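Spelled out, the chains give:
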Amino acid sequence: AIIVSMQNKDKIRIVILAAGKGTRMQSDLPKVLAQVKGTSMIKHLLHSVEKSGIDEHPVIIVGYKKEMVIDECGDKYHYIDQEKLLGTGYAVMQTKNYLENKADHIIVLYGDQPYTSVQTIRNIVEKHINSGKIITMATVRVPDFTDWRICFNNFSRVVRDSAGKIIRTIERKDATEEELKIKEVNPCYFCFESKWLWENLPKLKNENAQNEYYLTDLIKIANRENIEIESVEIDAHEALGANTKEELEVLENIVIKLDSIT
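Here goes a summary of the coordinates provided. None of these values were measured; they are calculated from a predicted model.

To continue, consider the side chain of Glu230. Take Glu230: it is sitting in strand β12 (residues 229–233). Setting aside its immediate chain neighbours within four residues, Glu230 contacts Lys127, Ser131, Lys133, Ile135, Thr136 and Met137.

What follows is the structure, given as structure tokens:
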């Protein structure tokens, strides 16, 4: 019931990133259409989004072979075309014209992370609303980076101060030996106060190896402005995505209770 009342009080819209090509999958399919346990990754996510009751008509950002993604997902959603694949920050920027006056808060999810649960989506939103913070992010803690958790070694690390406040996240390639020992990582699920988001997205720079605009760089901007960041710890399985055939196999083989897709 709390979700419904929150939804009425604050307009929360969900944005799902689904424009990627999935080059390393060795497949011509858009990445989000790769199947896990007999269902496309994006369908798994949409099932959770629908059951969460947060947003009845999420926005899906499409790009590569967009007709296939639209065909798979159906006409319940609002699609926005990301013509250039210039990173997560650029992707979310494409939704501004459509969402600017429709939402007080924006939650960003990924079409290639199929195990994101109903409860996690609700928890992020609930924590965000109740804390009154401008940014709420999910984090994952792992005991180590072995076995199926090896992929988390490539995630950015969450750096906190002595009081436990998040002061920044650091990309693996930029991290020191000491920072690489941090076992709390950033799966990049965010909830933003939309006014702040639209004001700050244009500040993102693409000064990185990929020449892309990263949504995660908003954390640096927030820290410069002394904005405190709220966080929600989520189960490691829920942050797993797939960029390669091997990672897809990991998703396929993990024994996890999924809300059955009807």
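Considering the arrangement of structural elements, one finds Asn130 in helix α6 (residues 118–131). On a C-alpha basis, the gap between Asn130 and Leu29 in space is 40 Å, while along the polypeptide they are 101 residues apart.

If you check which residues of helix α9 (residues 217–224) are buried, you get Asp217, Leu218, Ile219, Ile221 and Ala222. Buried residues along α9 sit against β7 (135–141), β9 (166–170), β10 (184–186), β11 (190–193), α8 (194–200) and β12. Asn226 sits one or two residues past α9 and shows a positive phi near 55°.

Before going further, it helps to spend a moment on the pairing of strand β4 (residues 59–62). The alternating pattern of β4 places Val59 and Ile61 on one face and Ile60 and Val62 on the opposite face, and all of these are buried. The pairing of strand β1 (residues 12–18) with β4 spans four bridges and is parallel. Within β4, the position partnered with Ala18 by the bridge is Val62. Crossover handedness for the path β4 to helix α3 (residues 66–73) to strand β5 (residues 78–81): right-handed.

This part covers the pattern of salt bridges. By the definition in use, this model includes 18 salt bridges. Put simply, Arg149 and Asp144 hold a salt bridge, and the shortest N to O gap is 3.0 Å. One salt-bridge network, in which partners are shared between bridges, spans Lys127, Lys133, Lys165, Glu228 and Glu230.

Right, let's talk about the packing of aromatic side chains for a bit. Summed over the entire model, instances satisfying the criterion amount to four aromatic pairs. Taken together, the ring pairs connect Trp148, Phe152 and Phe155 into an aromatic cluster. Lys102 extends its terminal NZ or CZ atom over the ring of Tyr98, reaching a point 4.1 Å from the ring centre.

Moving on, we come to the environment of Ile227. When you line up the elements, Ile227 lands in the loop between α9 and β12. Taking the C-alpha atoms as reference points, Ile227 and Ile134, 93 residues apart in sequence, are found 7.4 Å from one another. Those residues in contact with Ile227 that sit more than four places away from it in its chain are Ile134, Trp196 and Ala222.

For the rest of this paragraph, the subject is the pairing of β12. For β12, the buried fraction is high: four of the five residues fall into the buried class. Strand direction decides the pairing type here: β7 and β12, joined by five bridges, are parallel. Bridge pairing in β12 links Thr139 to Glu233.

If you look at the biggest cluster of nonpolar residues, it comprises 77 residues, and the most contacted ones within it are Ile42, Ile60 and Phe152. If you tally residues by element for this core, the top one is β1, at six residues. With near-sequence residues (within four places) excluded, Phe152 lies in contact with Val142, Phe145, Arg157, Val185, Ala236, Ala239 and Leu240.

Moving on, we get to α6. Across its 14 residues, α6 extends 20 Å between first and last C-alpha, which sits within 8% of the 20 Å expected from 1.5 Å per residue. Buried within α6 we find Val118, Thr120, Ile121, Ile124, Val125, His128 and Ile129.

The interhelical angle for the contact between helix α2 (residues 41–52) and α3, taken along N-to-C directions, is 45°, at an axis separation of 10 Å. By the angle between their directions, the pair α2 and α3 is classed as oblique. For the pair α2 and α3, the crossing hand works out as right-handed. The residues of α3 that touch α2, namely those facing Ile42, Lys43 and Leu46, are Val69, Glu72 and Cys73. In the contact of α2 with α3, the residues fall into four nonpolar, no polar and two charged.

Thresholds, definitions, all that
Residues numbered from 1 in each chain as written. Predicted model: local features only at pLDDT ≥ 70, side-chain atom pairs only at ≥ 80, totals over all residues. Heavy atoms only, no water. Helix = DSSP H or I, 4+ residues; strand = E, 2+ residues; numbered from the N terminus. Contact = heavy atoms within 4.5 Å. Buried < 20%, exposed > 50% of the residue type's maximum accessible area, 1.4 Å probe, protein only. Pairing = 2+ DSSP bridges. Right-handed = clockwise from strand over helix to strand, strands pointing away. Salt bridge = Lys/Arg side-chain N within 4 Å of Asp/Glu carboxyl O. Phe/Tyr/Trp six-rings, centres within 6.5 Å; stacked < 30°, edge-to-face > 60°. Lys NZ or Arg CZ within 6 Å of the ring centre and 35° of its normal. Core = buried A, V, L, I, M, F, W, Y, C linked by side-chain atoms within 4.5 Å. Expected span 1.5 Å × (residues − 1). Axes fitted to C-alpha atoms, helices over the stretch in contact; angles between N-to-C directions. Parallel < 35°, antiparallel > 145°, perpendicular 65-115°, else oblique. Left-handed = near helix turned anticlockwise from the far one by under 90°. Nonpolar A, V, L, I, M, F, W, Y, C, P; charged D, E, K, R; others polar.

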